[in-house]
Every structure is written in structure tokens, then in C-alpha cells.
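One-letter residues, chain by chain:
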Amino acid sequence: MAGLLAVFAEFEREILRERVRAGLAHARLNGQRLGRPPSVVHQAAEVRKLHRQGISKSEIARQLQIGRTSVRRLLTQKKS
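Reference entry: report on the structure contained in this document. Worth saying up front: this structure is predicted, and the values here are computed from it rather than measured.

Let's shift gears to the pattern of salt bridges. The final tally for this structure, using the stated rule, is 3 salt bridges. We note a salt bridge from Lys49 to Glu46, for which the minimum N-O separation is 3.8 Å. Remark: Glu46 and Lys49 occur in helix α2 (residues 44–52); sequence separation between them is 3 residues, near one turn of the helix. Judged by its relative accessible area of 32%, Glu46 is partly exposed. One salt bridge connects Arg62 with Glu59, and the closest N-O pair in it is separated by 3.2 Å. Remark: Glu59 and Arg62 occur in helix α3 (residues 57–64); sequence separation between them is 3 residues, near one turn of the helix.

Rules and cut-offs
- Residues numbered from 1 in each chain as written.
- Predicted model: local features only at pLDDT ≥ 70, side-chain atom pairs only at ≥ 80, totals over all residues.
- Heavy atoms only, no water.
- Salt bridge = Lys/Arg side-chain N within 4 Å of Asp/Glu carboxyl O.
- Helix = DSSP H or I, 4+ residues; strand = E, 2+ residues; numbered from the N terminus.
- Buried < 20%, exposed > 50% of the residue type's maximum accessible area, 1.4 Å probe, protein only.

In C-alpha cells, the structure reads:
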């Protein structure tokens, strides 16, 4: 009985795997970006520039559409 349940579980898992692959392929065809969003490190210079101009951290986050925590983190770390 346990072997039979294992076979069905494996079958269900394979179906799920195929659906996920099909969904990812469909998203790629529609031009959606997949994976993690781009890092905010690329905007570090812009964040620092706006902060030097006296703009608040919350306003910087709104303008650049990034998280407030990311802005704070970029401003506290040393330039690299």
C-alpha cells in the first residue's frame, strides 16, 4: 500500500513540475522578467546624491521605488 502511495505522489510531483515549467515558459514568452529583482546597489550613487540634497530617506525610497530599509542600509555602509 505504501508503495502505491509513493507511485501516486511521484506522479503528482511530476505533473506539478511540468506545470511550473510551462508557466515559466509562458511568462518568458510574454516578456516578464523572472528571478530576483535587480539589486538596489546599482542606485547607491543616486541615493547618496539625493540624501546630500537634504531629501528624507522616505522620500528617496518613494522616488526611486525601493524600500526605506534599503535606503538606510545604503547610507550607513561605506562606499565601495
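Continuing now.
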